[in-house]
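# Working through the structure, step by step
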Amino acid sequence: MSWLSGSRGVVLTAYHPSGGTGGRRSGQYTMNHDDSRRIPDGASFDRSGSQDSLDAMSLDDFWKEVENIHETRGNNHEERQAIVVKEPDEGELEEEWLKEAGLSNLFAESTGDSQESMVFLSTLTRTQKAAVEKRVETVTQTLRKKNKHHQIPDVRDIFRPQSDPKGKVCDRSEPSAVRTTESKNEMQDETKDVKFSLGANEQKSPLGDTPFSETDINLEIPFAEQAANLKDNSVGKVYKDGGGDTLHMNFRLPKDKTGTTKIGDLAPQDMKKVYSLALIELTALYDVLGTEFKQQKAAKIKTKDCGLFGVPLSVLLEQDQKKVPGTKIPLIFQKLISQIEEATLETEGLLRIPGVATRVKSLCQELEAKFYEGTFNWENVKQHDAASLLKLFIRELPQPLLTVEYLKAFQDVQNLPRKKQQLQALNLLVILLPEANRDTLKVLLEFLQRVIDHREKNKMTLNNVAMVMAPNLFTFQGLGSKNIEQSEFAMAAGTANVMRFMIQYQKLLWTIPKFIVNQVRKQNTENQKKEKKDKAMKKLLKKMAYDREKHEKQDKTPNDADVPQGVIRVQAPHLSKVSMAIQLTEELKASDIVARFLSEKSGNVQTLKKEEVFLYEIGGNIGERCLDDDTYMKDLYQLNPNAEWVIKSKQS
């Protein structure tokens with residue numbers, strides 16, 4: 001694939017091959033490979049935060065991969081259909097952003113729940129508010145210019161001061177427009193509001209007073225707030241050269257006593273809130289750092305509705321789920337990875353050395369015809385051919401694996417001044433990907449790490465793998481109508497470095513930041529309060545409570561009544577021992593509770609394995625959350641005392 005800048009838009013050229021390979025029309029590729037490898041005399045790398053770790057690295061692997069891609073495509077001269085990425089009209093981008101954030105009712109008539117939107121807005125941080133205000137102001141000005149006749153809210157009304165019952169002004173009271181600079185202490189006071197807790201330990205950090213080091217990724221304080229504070233404290237200082245990052249910082253994720261939340265651990269209703277908050281937080285982070293964040297939007301095109309290569313992920317999964325119900329990763333993608341691994345991951349040059357282009361083309365055509373029939377002979381597929389087919393599959397997706405909407409944002413990560421901020425942005429971008437894209441990307445990154453684990457034999461280091469895979473995931477976007485060689489070289493180095501970060505820190509990327517989970521908890525609590533004020537809802541809740549009480553009285557045993565203080569009752573409806581009373585202690589973890597149930601020697605327990613069952617936090621201020629093994633139950637109970645605790649498998 002390649003990107004082209006046009007006068008009114010960007011053209012993304014998509015290859016729709018017969019058998020998976022395609023030709024290249026003259027003039028539709030923005031980079032000339034041979035010329036791009038030459039660096040102008042006296043030119044130096046852009047030694048920004050995303051580049052410095054690549055200064056000593058050769059980009060030969062990158063350009064060789066580009067050449068291999070050209071050779072593969074050059075064997076087929078079929079016409080390609082171009083995906084036009086629309087250049088939005090004035091205000092359209094901001095309108096689309098507000099819709100994605102679930103705030104469309106701020107600028108137009110909407111059937112959405114305005115009360116719920118106001119609750120959502122009340123939980124935003126100052127930098128998140130600033131991001132929303134900026135977009136609302138742009139949309140408001142645009143609508144006024146277009147003489148729209150529906151009511152347009154004043155941005156100041158959106159975050160109008162509100163007082164709580166104790167007379168204190170809530171967090172939502174201060175418009176961020178008048179809070180452009182604040183001291184470090186003020187920022188820390190502000191972020192205390194973001195931490196959501198219940199009970200006696202409110203304002204207490206679950207990690208005590210342990211400070212975060214330069215290599216720690218702090219998930220408790222919003223990323224944009226961290227950046228704003230750093231920026232305020234850096235006034236007059238040079239904010240370059242990676243912002244003080246050292247060349248080989250090894251970032252880590254500190255343990256959280258209330259448990260680390262991974263993508264997939266939350267119920268869909270809470271993930272919807274996470275998505276909106278992640279979009280606003282990412283935008284706020286880019287705003288604070290002075291980097292433009294724009295979502296691209298591709299015009300709809302006709303794509304293949306069957307087959308393997310050049311087929312949308314959604315169509316592939318629909319096909320595959322008829323064969324294997326519940327599958328989340330395309331079957332051909334899984335099979336190609338397993339084919340590579342079955343041979344051995346110790347093969348030298350794995351992923352770097354391409355298969356023979358004509359043989360790869362022939363294999364593509366045969367796979368298209370025989371894969372779903374189960375008649376394809378995998379013994380004919382050499383390991384390097386399988387690797388080439390895997391990369392071809394990624395390239396030939398009608399829209400990039402990283403999506404048209406967010407591909408440029410992934411590329412622009414390299415422009416953020418600090419490596420830590422680059423990782424924070426990547427974390428939020430991964431959360432924003434559609435589920436199918438995210439799941440496929442996760443399997444790919446895990447596979448790439450396994451390849452790297454055998455680097456002593458296969459000579460494929462992290463940097464080698466990043467160089468080879470970057471051209472397959474990142475398209476080449478023209479930087480205007482005229483490209484200069486150094487810009488193309490910097491783009492190559494930058495995307496390779498983003499690829500390296502995605503592989504190296506993939507476990508971090510699939511973590512939902514604690515501050516976002518806390519905002520979800522706060523939204524749920526505030527929504528529950530508003531629901532209780534509604535008379536109709538009160539009647540419904542009363543009836544539900546009566547029915548539930550009646551049901552519980554029928555099912556209760558004498559031991560179920562009046563659970564003592566400091567004791568929780570854990571349900572396990574799918575196990576032989578339906579429930580168990582557990583005494584909370586300072587050191588009790590979620591894994592300990594699961595182990596107690598699995599120690600029972602009867603019924604279904606005998607067939608279950610530890611990795612198949614998990615303890616869930618359900619209700620209270622969260623919809624549903626799967627707990628990691630190292631969650632300290634007493635700390636979590638203080639955060640959500642009204643939750644129910646259930647042991648079950650993720651599939652149930």
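Computed from a prediction, not measured in an experiment: that's the story for all the values here.

Looking only at helices and strands, the chain features 24 helices and 10 strands. Counting every position in the chain, which comprises 652 residues, the buried fraction comes to 52%. Considering only residue pairs separated by 6 or more positions, the chain has 79% of its internal contacts joining residues 24 or more positions apart. Total accessible area computed for the chain in this model is approximately 31200 Å², and 48% of it derives from carbon and sulfur atoms.

Turning our eyes to something else, we now look at the side chain of N621. Tracing the chain through its elements places N621 in the loop between β8 (613-619) and β9 (622-626). A distance of 2.5 Å separates polar atoms of two side chains, one belonging to N621 and the other to R521.

We now examine the nonpolar core. Counting residues in each nonpolar core, the largest one holds 126 residues, and the members touching the most others are L351, L448, F474, M499 and M502. When residues of this core are assigned to their parent elements, the largest contribution, 11 residues, is made by helix α9 (residues 268-288). Those residues in contact with L351, other than ones at most four positions away along the chain, are E65, A387, K391, F447, L448, V451, M460, V465 and V468. Judged by nonpolar contacts, the second largest core, of 22 residues, contains I568, L584, A590 and L615.

It is worth spelling out empty space enclosed by the protein at this point. All chains considered together, the criterion is met by four cavities of 30 Å³ or more. Taken as a whole, the largest cavity spans an internal volume of roughly 200 Å³. Lining the largest cavity are 22 residues, with L219, D256, G259, T260 and K514 positioned closest to its centre. Elements supplying a minimum of two residues to the lining of the largest cavity: β5 (511-512) and α21 (514-533). For the lining of the largest cavity, the per-class residue count stands at 10 nonpolar, six polar and six charged.

Our focus in this paragraph is the environment of S338. By secondary structure assignment, the location of S338 is in helix α11 (residues 331-343). Given a relative accessible area of 24%, S338 falls into the partly exposed group.

To continue, consider the packing of aromatic side chains. Tallying each qualifying case throughout the model produces 10 aromatic pairs. Seen from their ring centres, Y286 and F293 are 5.5 Å apart, and the 65° between their planes marks the pair as edge-to-face. According to the relative accessible area criterion, F293 is buried, its value standing at 8%. Seen from their ring centres, F309 and F393 are 6.3 Å apart, and the 70° between their planes marks the pair as edge-to-face. Taken as a pair, F309 in the loop between α9 and α10 (313-323) and F393 in helix α13 (residues 383-395) lie far apart in primary sequence, 84 residues in all. In terms of burial, F309 and F393 fall into one category: buried. Members of the aromatic cluster, connected to one another through ring pairs, are F371, Y372, F376 and W378. The residue whose ring lies beneath K335 is W378, and the NZ or CZ to ring-centre distance is 5.2 Å. The ring of Y616 is capped by K648, whose NZ or CZ atom sits 4.7 Å from the centre of that ring.

The end-to-end C-alpha separation of α9 is 30 Å, in line with the 30 Å expected for 21 residues at 1.5 Å each. Burial runs high along α9: 16 of the 21 residues are buried. Directly beyond the C-terminal end of α9, a positive phi value near 75° is found at G290.

So, about the pattern of salt bridges. Per the counting criterion, the structure on display carries 21 salt bridges. In this structure, E65 engages K391 in a salt bridge whose closest nitrogen and oxygen atoms are separated by 3.1 Å. Of this pair, E65 sits in helix α2 (residues 60-74) while K391 sits in helix α13, and the two are 326 residues apart along the sequence. With relative accessibility at 3%, the residue E65 sits in the buried group. Among the ionic contacts, a cluster of salt bridges with common partners joins K134, R135 and D287.

What follows covers the packing of helix α14 (residues 404-412) against helix α15 (residues 419-432). Packing of α14 against α15 brings their axes to within 10 Å, and their N-to-C directions diverge by 170°. As far as their axial angle goes, α15 and α14 are roughly antiparallel. Residues Y406, A409 and F410 of α14 form the contact with α15, whose own contacting residues are L426, L429, V430 and L432. Here the residues of the contact of α14 with α15 sort into seven nonpolar, no polar and no charged.

Next up on the list: the pairing of strand β6 (residues 567-571). Of all the five residues making up β6, four are buried; the element is thus mostly covered by neighbouring parts of the structure. Across five bridges, the pairing between β6 and strand β7 (residues 579-583) is antiparallel. Across the sheet, the residue bridging to R569 is A581, located in β7. In terms of strand pairing, β6 meets strand β10 (residues 644-649) through two bridges, oriented parallel. Of the residues in β10, the one forming a bridge with V570 is W645.

A word on the packing of helix α5 (residues 126-145) against α9. Following both chains from N to C, one finds α5 and α9 inclined at 90°, their axes separated by 8 Å at the closest point. Viewed along their axes, α5 and α9 adopt a mutual orientation that is roughly perpendicular. Contact residues: α5 offers T127, Q128, A131, V132, K134 and R135, while α9 offers L277, I280, E281, T283, A284, D287 and V288. Of the residues that constitute the contact of α5 with α9, the class distribution is six nonpolar, three polar and four charged.

What holds strands together in a sheet is hydrogen bonding between their backbones, with the strands either parallel or antiparallel. Here five strands make up an open sheet; going across it, the order is β7-β6-β10-β8-β9 and the pairing mixed. Of all strands in the sheet, those bounded by a partner on one side alone are β7 and β9. Across the sheet, the mean angle from the axis of one strand to that of its neighbour is 25°, orientation sign disregarded. Sheet analysis places β8 next to β10, joined by six bridges and oriented antiparallel.

Okay, the confidence of the model for the chain next. When pLDDT is low, close inspection of the predicted coordinates is not appropriate. Here the chain shows a mean pLDDT of 75. Residues at 70 or above account for 65%. Ranking the elements of the chain by mean pLDDT puts strand β1 (residues 2-5) last, at 38, and helix α16 (residues 435-453) first, at 97. Segment residues 1-56: pLDDT under 50, and 161 contacts once partners within four positions in sequence are set aside and those in other chains are kept. Between residues 555-561, whose pLDDT stays under 50, and residues either more than four places distant or in other chains, the model counts four contacts.

Here α15 is 14 residues long and its end C-alpha atoms lie 20 Å apart, about the 20 Å a rise of 1.5 Å per residue gives. In terms of burial, α15 is largely enclosed, as 14 of its 14 residues are buried.

About the thresholds
- Residues numbered from 1 in each chain as written.
- Predicted model: local features only at pLDDT ≥ 70, side-chain atom pairs only at ≥ 80, totals over all residues.
- Heavy atoms only, no water.
- Helix = DSSP H or I, 4+ residues; strand = E, 2+ residues; numbered from the N terminus.
- Buried < 20%, exposed > 50% of the residue type's maximum accessible area, 1.4 Å probe, protein only.
- Contact = heavy atoms within 4.5 Å.
- Areas by Shrake-Rupley, 256 points an atom, 1.4 Å probe, with all protein chains shown as cover.
- Polar contact = N/O pair within 3.5 Å; in protein donor to acceptor, adjacent residues only side chain to side chain.
- Core = buried A, V, L, I, M, F, W, Y, C linked by side-chain atoms within 4.5 Å.
- 1 Å grid on protein atoms, 1.4 Å probe; cavity = no way out; pocket = protein on both sides within 12 Å on 5 of 7 lines; lining within 4 Å.
- Points joined across faces, edges and corners; volume = space filled by probe spheres on them.
- Nonpolar A, V, L, I, M, F, W, Y, C, P; charged D, E, K, R; others polar.
- Phe/Tyr/Trp six-rings, centres within 6.5 Å; stacked < 30°, edge-to-face > 60°.
- Lys NZ or Arg CZ within 6 Å of the ring centre and 35° of its normal.
- Expected span 1.5 Å × (residues − 1).
- Salt bridge = Lys/Arg side-chain N within 4 Å of Asp/Glu carboxyl O.
- Axes fitted to C-alpha atoms, helices over the stretch in contact; angles between N-to-C directions.
- Parallel < 35°, antiparallel > 145°, perpendicular 65-115°, else oblique.
- Pairing = 2+ DSSP bridges.
- pLDDT = per-residue confidence, 0-100.

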